[in-house]
Amino acid sequence: MSASTTTQDHSENDHGDHDHHDPPFWKKYIFSTDHKMIGIQYGFTALLFLAFGFFLMMVMRWSIAYPDRAIPLLSELPWFQIWLDDEGRVTGELYNMFGAMHGTIMVFLGIVPLAFGAFGNYVTPLQIGAPDMAFPRLNMASYWCYFVGGVVMLVSFFLPSGAAKVGWTNYSPLATMTDTFYSSVFWTGQTLWLLGMVFLISSSLLGAINVIATIINLRAPGMTWMRLPFFVWAMLVTGFLLVLAFPPLEVAAIMQLMDRLAGTSFYLPTGLLENGQLMDVSGGGNPLLYQHLFWFLAHPEVYVLILPAFAIVTEIIPNNTRKPLWGYKIMVYSVMVLGFLSFIVWAHHMYMTGVGLSVSTFFQTTTVLISIPSVILLTSMLISLWGGSIRFTVPMLFATAFIPMFGIGGLTGLPLAFNLIDLHLHDTYYVIGHFHYVVAPGTIFALFAGIYYWYPKQTGRMMGTVLGHLHFWPSLILMNGIFLPMFIQGMAGFHRRAFDGGKAYEQIAQQVYLTGDTWIAKIFHGGVDIQMIDLNIVMSASAWLLAVAQVPFIINFFFSIKFGKKVDSDNPWGATTLEWATPTPPPHGNFIVEPIVYRSAYEYSVPGDKSDFTPQNQPPSEEGAEAKEETD
């Protein structure tokens, strides 16, 4: 018996075992070790956290647009009234709490778990022809660490102190000393934030190690490095970013926990005053140490958000242009350079600390350099669109919208690389607009594209096209309605942490205007034109309407599970990568027969082929081989 026959018989026997793989409910859907179910668990949980984080933002936007009015509906709820003032208005403390938790939830509990945890878990093993992740039980532990970290974060809202309220960065010494007057410092929002972060970081480390080991060791026969889909390359680099960048933040969180609970002074300097009295701490610490540790993670973290978005878009564009991905190899090299450079740009977040001319010059240079691989990736995507027979499916709409939205986010970030400009724009709405263009209409649009694209593989049914369009077009318009005015306000000096949207400045300025001293009014108002405050209403209304625009997606998502159009094949999009070679939905073990890879990942519209796509596992035909020999 030949080796190939032995392999095929073994695979068929495995498939027979897969057919009889029927674990109990709790082991199949709750404590599952199957990478596909864990990916779905990550996806559902992350979407719920994204919805909650979006709710926090809508409350904040009400405070910014209408600080002198009671918040509708919520002010009538007894459990919510404890956080409002006597007239039902949002307080500054509530705004700070929701602001800190909005950033934490959207990044660490929403986008990263959806991008890397859900898509990385579900798609990566399928695309490399693996039966599962390298360490299935470790994979399960990764999800449950994430889930426990999320629960810890949510529990903090119900404590007497409320949740963390000193920003999603949790800077010391403010974060270390906040809420220490409670009888139990452990049961405070700031402490549980740190404890939750330890669980979340541990989850990401376990998941990243698993992804790296899976890609290196479990690739199908013939799946050489340069035959990997770009999606897999991006996940591999993302895994290395998590493994190398997250430990410093975990150490930073543990040291801040020790400062709060054990009386250490890792971040508490000597001579701190509280209410005019010298604080009783041992001192000797350095608060800038925390900032260095945090941003050493947080800038690679930006690319942990972005690279999975690139990964998804680069799968959808070739499929819907019916032509190969342009510049595949240079994109692979660019994403590796991007990962390396992301570790040497962190201090451009710290120009305000007075890092010095030499240090700021170095980080200005590296920050400008990191834009080069990003531009190469975007350019390759744009050229891939050129001359293609574009199918504007719903996934393609979100994928193509990602390119200009991310482009705006990247271009507006370039001025922030220079300390002279950053000193003016730091902590203004300009920074908020820049970052949100990267992660909201940028990364989140790519994640929506991925959901629409791989939904039929998971469920065997297509999501509705009409509801998809009703989801996409309002979301595109309203995303820009929220974030585009932020650049205008930011360049005028609007501060990101003004919970009243600048109304206090407006009142002072209006009083001085009555005296005719316009220049004094502008000094009081920080140089901000009063009329720009009205943009708060435009931005807030766009945010609330954006919530309504997600209703078609929610209906589409759940309705299509039972009533969506059934797919007529395992490969409804006519794609080339291996995940479409499995049954739909993929069984336990994924493949009926172990796939063998014969070609690169994006062979669309190859001259001489009968079809406009050639799957990676399709053997070369004898006619094709003879033609190739004649050509050679």
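Since we're looking at a predicted model, the values are computed, not measured.

Visitor: Which residues make up the overall build of the chain, and what are the values?
Guide: For the chain, the helix and strand inventory stands at 22 helices and four strands. Taken against the 2.2 N^0.38 rule, which gives 26 Å for 632 residues, the C-alpha radius of gyration of the chain at 26 Å falls within 12% of a compact globule. Overall, the C-alpha framework of the chain stretches about 90 × 55 × 50 Å when taken along its three principal axes. Counting the 632 residues in the chain, one finds 55% classified as buried. Per element, the accessible surface of the chain, about 27000 Å² overall, is 67% carbon and sulfur. When the 27 basic and 41 acidic side-chain charges of the chain are each reduced to a single mean position, those positions are 4 Å apart.

Visitor: A description of helix H17 (residues 465-492) should follow, citing residues and the corresponding values.
Guide: Relative to the 40 Å expected for 28 residues at 1.5 Å per residue, H17 spans 42 Å between its end C-alpha atoms, a close match to the ideal helical length. Count one or two residues on from H17 and you reach glycine 493, which has phi positive near 105°.

Visitor: Could you give an account of the pattern of salt bridges, naming the residues involved and the relevant values?
Guide: Counting across every chain of the model gives eight salt bridges. The salt bridge partner of arginine 496 is aspartate 427, with a shortest N-O separation of 3.4 Å. Residue arginine 496 is located in the loop between H17 and helix H18 (503-513), and its partner aspartate 427 is located in the loop between helix H15 (419-425) and helix H16 (429-459); the two are separated by 69 residues in the primary sequence. Judged by its relative accessible area of 24%, arginine 496 falls in the partly exposed class. Overlapping salt bridges, with partners in common, bring together Asp85, Glu87 and Arg89 in one network.

Visitor: Give a description of the packing of aromatic side chains that names residues and reports values.
Guide: Inspection of every chain in the model, using the stated rule, returns 63 aromatic pairs. Ring centres of phenylalanine 231 and tryptophan 454 lie 5.6 Å apart, and the angle between their planes is 70°; on these two criteria the pair is classed as edge-to-face. With phenylalanine 231 in helix H9 (residues 230-261) and tryptophan 454 in helix H16, this pair connects stretches of sequence that are 223 residues apart. Cluster of aromatic residues (ring-pair linked, three or more members): Phe44, Phe398, Phe445, Phe448, Tyr452, Tyr455, Phe472, Trp473, Phe553, Phe557 and Phe558. Residue placement shows arginine 219 over the ring face of tryptophan 225; its charged tip is 4.1 Å from the ring centre.

Visitor: So what about the packing of helix H5 (residues 92-128) against H9? Which residues, and what values?
Guide: For the pair H5 and H9, interaxial distance at closest approach is 10 Å and the crossing angle is 135°. In terms of orientation, H5 and H9 fall into the oblique class. The handedness of the crossing between H5 and H9 comes out as left-handed. Every residue of H9 that contacts H5 at Phe108, Ala115, Phe116, Phe119, Gly120, Val123, Thr124, Gln127 and Ile128 is listed here: Phe231, Val232, Met235, Thr238, Gly239, Leu242, Phe246 and Leu249.

Visitor: An account of the nonpolar core is requested, with residue identities and associated values reported.
Guide: Grouped together as the largest cluster of nonpolar side chains are 177 residues, with contacts concentrated most on Phe98, Phe230 and Phe310. Among all residues touching phenylalanine 230, those that are not within four sequence positions of it are Phe310, Ala311, Thr314, Glu315, Leu325, Tyr328, Met331, Val332, Val335, Leu377 and Tyr602.

Visitor: With reference to specific residues and values, describe a nonpolar patch on the surface.
Guide: Residues Phe147, Val148, Val151, Val155, Phe186, Trp187 and Leu261 make up a contiguous nonpolar surface patch of roughly 560 Å² in combined accessible area. Counting residues per element, the nonpolar patch draws most heavily on helix H6 (residues 136-155), at four residues. Tracing the backbone through its elements, the reader meets valine 151 in helix H6.

Visitor: Can you tell me about the side chain of threonine 188, naming the residues and giving the values?
Guide: Summarising the element assignment, threonine 188 is placed in the loop between helix H7 (174-177) and helix H8 (189-217). Here threonine 188 falls in the buried class, since its relative accessible area comes to 0%. Here valine 185 takes part through its backbone oxygen, which lies 2.6 Å from a polar atom of the side chain of threonine 188. Leaving out residues up to four positions away in the same chain, threonine 188 has contacts with Leu159, Ser161, Asp179, Tyr182 and Arg260.

Visitor: A description of H16 should follow, citing residues and the corresponding values.
Guide: The α-helix advances 3.6 residues per turn, and as a result positions three or four apart in sequence lie on the same side. Where H16 bends most, the angle comes to about 40°, and this point is histidine 436. Once H16 ends, the next one or two residues include glycine 460, with phi positive near 80°.

Visitor: Can you lay out the side chain of asparagine 320 for me, pointing to particular residues and giving the numbers?
Guide: Within the secondary structure, asparagine 320 sits in helix H10 (residues 287-321). Non-local contacts of asparagine 320, meaning those with residues more than four positions away in its chain, are made with Ser389, Ile390, Arg391, Thr393 and Met396.

Visitor: If you had to explain the environment of threonine 180 to someone new, which residues and values would you point to?
Guide: Position of threonine 180 among the secondary structure elements: in the loop between H7 and H8. Classification of threonine 180 as partly exposed rests on a relative accessible area of 28%. Distance from threonine 180 to threonine 191, taken between C-alpha atoms, is 9.6 Å for residues 11 residues apart in sequence. From its side chain, threonine 180 meets the backbone oxygen of methionine 177 in a polar contact 3.0 Å long.

Visitor: Which residues make up unusual backbone geometry, and what are the values?
Guide: Note that the residue after serine 172, namely proline 173, is joined by a cis bond; omega there is 5°. Looking at the element boundaries, proline 173 is found in the loop between H6 and H7. Following threonine 584, the chain continues into proline 585 via a peptide bond in cis, with omega recorded as -10°. By secondary structure assignment, the location of proline 585 is in the loop between strand E4 (565-566) and helix H22 (622-631). Of note, leucine 73 is a non-glycine position whose phi angle comes to about 65°, a positive value. Its location among the elements puts leucine 73 in the loop between helix H3 (35-65) and helix H4 (78-81). With phi around 60°, asparagine 170 is a residue other than glycine that occupies positive phi space. Mapped onto the secondary structure, asparagine 170 falls in the loop between H6 and H7. The exposure class assigned to asparagine 170 is buried, which follows from its relative accessible area of 0%.

Reading the values: the criteria
Residues numbered from 1 in each chain as written. Predicted model: local features only at pLDDT ≥ 70, side-chain atom pairs only at ≥ 80, totals over all residues. Heavy atoms only, no water. Helix = DSSP H or I, 4+ residues; strand = E, 2+ residues; numbered from the N terminus. Rg over C-alpha atoms; globule rule 2.2 N^0.38 Å. Buried < 20%, exposed > 50% of the residue type's maximum accessible area, 1.4 Å probe, protein only. Areas by Shrake-Rupley, 256 points an atom, 1.4 Å probe, with all protein chains shown as cover. Lys, Arg positive; Asp, Glu negative; His and termini not counted. Charge placed at Lys NZ, Arg CZ, Asp CG, Glu CD. Expected span 1.5 Å × (residues − 1). Salt bridge = Lys/Arg side-chain N within 4 Å of Asp/Glu carboxyl O. Phe/Tyr/Trp six-rings, centres within 6.5 Å; stacked < 30°, edge-to-face > 60°. Lys NZ or Arg CZ within 6 Å of the ring centre and 35° of its normal. Axes fitted to C-alpha atoms, helices over the stretch in contact; angles between N-to-C directions. Parallel < 35°, antiparallel > 145°, perpendicular 65-115°, else oblique. Left-handed = near helix turned anticlockwise from the far one by under 90°. Contact = heavy atoms within 4.5 Å. Core = buried A, V, L, I, M, F, W, Y, C linked by side-chain atoms within 4.5 Å. Patch = residues over 30% accessible without salt bridge, like charges linked within 9 Å, V, L, I, M, F, W, Y side chains within 5 Å. Polar contact = N/O pair within 3.5 Å; in protein donor to acceptor, adjacent residues only side chain to side chain. Bend = angle between axes of the 7 residues up to and from the residue.

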